[in-house]
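Each chain, written out:
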Amino acid sequence: MPAEIDVAIIGAGVIGLATAREIAQSKREIFVFEKNRTFGLETSGRNSEVIHAGLYYPQDSLKAKLCVEGKNLLYKLCDKHHIAYKKCGKIIVAADENEMSWLEELYEQGRKNGVDDLVPLSRAEVKKLEPNVEARAGLLSPSSGIFDSHSLLKFLYDRAREKGAEFVFGTEVIGIERAGTNYKLQIKDRDGISDVVAHVVVNCAGLNSDRMAQLVGIDIARAGYKLHYCKGEYFSLDSKYRNLVSRLIYPASEQAGHGIHWRQTLDGRVLLGPSAHYVEAIDYAVDETHKQYFYNSVRRFLPFVELEDSAPESAGIRPKLQGPGDDFRDFVIAHEEKAGFPGLINLIGIESPGLTAALSIARYVGRMMS
Ligand SMILES: Cc1cc2nc3c(=O)[nH]c(=O)nc-3n(C[C@H](O)[C@H](O)[C@H](O)COP(=O)(O)OP(=O)(O)OC[C@H]3O[C@@H](n4cnc5c(N)ncnc54)[C@H](O)[C@@H]3O)c2cc1C
């Protein structure tokens, strides 16, 4: 690797990959540093693979705008490059009066965000679409879907490389400091520790992105960049549950995630989750004792599910800017020029709908750099 490079991207999750592909189109010299042995082993490989419609987020927030734009870009890209997906649609279900009024709010929120295909459903209409689902009312989002996210990651990786981006795996960024108008990155790989100077640094380090900002010298508490980890676990259901429900089924829920939902993957497996609980450390083990909680959550709208038919599956961790009980926080996608760090772009708190929005987030970063 040369001692001086143009653009350093930290992290090869979906955001680092999409950004590398986007910036590589302008023929800049790019190196992507990834601590793991390959791309997509953290949050980007541990999620629901749902293409979100964009109804949950406040109007004009980055989450709303980039989700709606990203969803459209993603469907087009999947079509063009034969990445498997299923626009199966999703029904958000309400079990009581409270939840019904929340559905109405969601409907309005979605319309404000430009999601204009939402359909409020009565109990009978839910039953007609999904005979095995119990609900007082529902909200149908026809443009929600599922897709093969690993194929997307591989596509972005291949395209970025074809355009000249270099990937340096097994290499952790452990220090960043201003060096005149550039940044000196300290990197650690199996040969030891070395330095590389970069003109531009794009911080796509996911769960570590707040720490990367801190390394440069940003006061992350003051900037509101400190991340809170919120774990989401999944349980799988026995194969006898295949094809009992054809859409994504989400509860009407205001908790930290979108509630424990039902999803049938492209290969036919039925998964429940993710749950949402704040944790201190990154640990992807699934706690089998949470089975009862999953069961209680989904029995309200999926009464046919039996406790003994579920088994621990996998887990992911959300990099959240909001702690327990905090108000909505938007993605941070910031060129830190005003904070005294020209050429540093931070992407922090890229939780859901980050996968859906990855292509539009990359465009947004590309515009910041042009
Ligand atoms: C349970 C769960 C379910 C989700 N479901 C959905 C969904 O259905 N739809 C949706 O749109 N979004 C979903 N999301 C959100 C989505 O998965 C994320 O927004 C997205 O994957 C974030 O990608 P990323 O590239 O920012 O982070 P990551 O994938 O975590 O990538 C960051 C990379 O940076 C690397 N890194 C970190 N520190 C360093 C360092 N110092 N040096 C070098 N490399 C470093 C890491 O190893 C990692 O590979 C979900 C998230 C979770 C947790």
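Source: prediction; values computed, not measured.

**A closer look at the overall build of the protein**
Item 1. Helices and strands together make up the secondary structure of the protein, namely nine helices and 20 strands.
Item 2. Scaling as 2.2 N^0.38, a compact globule of 370 residues should have a C-alpha radius of gyration of about 21 Å, and the protein matches this with 21 Å.
Item 3. Principal-axis analysis of the C-alpha atoms gives the protein an extent of 65 × 40 × 40 Å.
Item 4. Taking all 370 residues of the protein together, 55% fall into the buried category.
Item 5. Sequence separation of 24 or more characterises 71% of the internal contacts of the protein that already satisfy a separation of 6 or more.

**A closer look at helix α8 (residues 291–299)**
Item 1. Lys291, Phe294, Tyr295, Ser297 and Val298 are the residues of α8 that are buried. Down the axis, α8 shows its buried residues gathered within 165° of arc, on one side only.
Item 2. On the buried face of α8, the contacting elements are β13 (228–237), β16 (270–273) and β18 (310–320).

**Concerning the sheet that holds strand β8 (residues 145–147)**
Item 1. Within the open sheet, the three strands sit side by side as β3-β8-β4. Their pairing is antiparallel. Strand pairing shows two members of the sheet lacking a second neighbour, β3 (50–51) and β4 (85–86), which therefore form its edges.
Item 2. When β3 meets β8, the two strands line up antiparallel, connected through two bridges. The residue of β8 that forms the bridge with valine 50 is isoleucine 146.

**Considering helix α3 (residues 97–112)**
Item 1. Over its 16 residues, α3 runs 23 Å from end to end, which matches the ideal 22 Å to within 8%, given 1.5 Å per residue.
Item 2. Inspection of α3 places Glu99, Trp102, Leu103, Leu106, Gln109 and Gly110 among the buried residues, and these make up the whole buried set. Across the axial projection of α3, the buried residues extend over an arc of 125°, all falling on one side. Every exposed residue of α3 that faces more than 90 degrees away from the buried side is listed here: Glu97, Glu104 and Glu105.
Item 3. Looking at the buried residues of α3, the elements they touch are β5 (90–94) and β7 (137–141).
Item 4. If you check the start of α3, you find a side-chain oxygen 3.2 Å away from the backbone N of asparagine 98, and it comes from aspartate 96.
Item 5. Glycine 114 lies just past α3 and shows a positive phi near 90°.

**Brief notes about the pattern of salt bridges**
Item 1. Going through the model one piece at a time under the given rule, you end up with 14 salt bridges.
Item 2. One salt bridge connects glutamate 97 with arginine 136, and the closest N-O pair in it is separated by 2.7 Å. Remark: arginine 136 occurs in the loop between α4 (123–129) and β7 and glutamate 97 occurs in helix α3; sequence separation between them is 39 residues.
Item 3. A relative accessible area of 54% places glutamate 97 in the exposed class.
Item 4. According to the relative accessible area criterion, arginine 136 is partly exposed, its value standing at 32%.

**Some words on the side chain of aspartate 6**
Item 1. Within the secondary structure, aspartate 6 sits in strand β1 (residues 4–10).
Item 2. Aspartate 6 sits in the buried class, given a relative accessible area of 13%.
Item 3. For aspartate 6, the side chain forms a polar contact with the side chain of arginine 28, separated by 2.9 Å.

**Observations concerning the packing of helix α1 (residues 14–24) against helix α9 (residues 354–369)**
Item 1. Two elements in contact, α1 and α9, have axes separated by 8 Å at closest approach and are oriented at 40°. What the angle tells us is that α1 and α9 run oblique. For the element pair α1 and α9, the recorded crossing hand is right-handed. Taken together, the residues of α9 that come into contact with α1 (itself represented by Val14, Ile15, Ala18, Thr19, Arg21, Glu22 and Ile23) are Gly354, Leu355, Ala358, Leu359, Ile361, Ala362, Arg363, Val365, Gly366 and Met369.
Item 2. Its residues assigned to classes, the contact of α1 with α9 shows eleven nonpolar, three polar and three charged.

**Observations regarding the site of the ligand**
Item 1. Inspection of the region around the ligand gives 39 residues, with Glu34, Ser44, Val50, Ile350 and Thr356 positioned closest.
Item 2. Lysine 35 is positioned with one of its backbone polar atoms (N or O) 3.1 Å from a nitrogen atom of the ligand.
Item 3. Backbone polar atom of leucine 355 to an oxygen atom of the ligand: 3.3 Å apart, as the coordinates give it.
Item 4. Relative to its unbound accessible area of 1000 Å², the ligand is 98% covered by the protein chains.

**Considerations on the environment of valine 133**
Item 1. Note on placement: valine 133 falls in the loop between α4 and β7.
Item 2. Judged by relative accessible area, which is 1%, valine 133 ranks as buried.
Item 3. Expressed as a C-alpha distance, the spacing of valine 133 and glutamate 4, which sit 129 residues apart in the sequence, is 58 Å.

Rules behind the numbers
The residue numbers shown here count from 1 along each chain, following its written sequence. Predicted model: local features are reported for residues with pLDDT of at least 70 only, side-chain atom pairs are reported and counted for 80 or more only, and whole-chain, interface and lining totals are derived from all residues. The side-chain quantities take in all heavy atoms of the structure and omit both hydrogens and water. The helix and strand labels rest on DSSP assignments: H or I over at least four residues marks a helix, E over at least two residues marks a strand, and numbering proceeds from the N terminus. Computation of the radius of gyration draws on C-alpha atoms, with the globule rule given as 2.2 Å multiplied by the number of residues to the power 0.38. Whether a residue is buried, partly exposed or exposed follows from its accessible area with a 1.4 Å probe, protein chains only, as a fraction of its type maximum: under 20%, in between, or over 50%, in that order. The contact definition used throughout considers only heavy atoms, calling two residues in contact when any of these lie within 4.5 Å. The directions considered for the arc are those from the helix axis to the C-beta atoms. The criterion for strand pairing is that DSSP finds at least two bridges linking the strands in question. By this rule the span expected of a helix is its residue count minus one, scaled by 1.5 Å. Within 3.5 Å is the distance limit for a polar contact, defined as a pair of N or O atoms, with the added protein rule that one can donate a hydrogen and the other accept it, and that residues adjacent in sequence qualify only through two side-chain atoms. One speaks of a salt bridge when a side-chain nitrogen belonging to Lys or Arg is within 4 Å of a carboxyl oxygen belonging to Asp or Glu. Every axis corresponds to a line fitted to the C-alpha atoms, with the helix fit spanning only the stretch in contact, and the corresponding angles, defined between N-to-C directions, vary from 0 to 180 degrees. Geometric relationships in this document are graded by angle, where less than 35 degrees denotes roughly parallel, more than 145 denotes roughly antiparallel, 65 to 115 denotes roughly perpendicular, and other angles denote oblique. In this scheme, a crossing is called left-handed if the near helix is turned counterclockwise away from the far one by less than a right angle; it is called right-handed if the turn is clockwise. Three categories are distinguished: nonpolar for Ala, Val, Leu, Ile, Met, Phe, Trp, Tyr, Cys and Pro, charged for Asp, Glu, Lys and Arg, and polar for the others, with Gly belonging to the last. We call a residue near a molecule or strand as soon as one heavy atom of that residue lies within 4 Å of the molecule or strand. Surface exposure here means Shrake-Rupley accessible area, sampled with a 1.4 Å probe, where a residue is shielded only by the protein chains that are shown.

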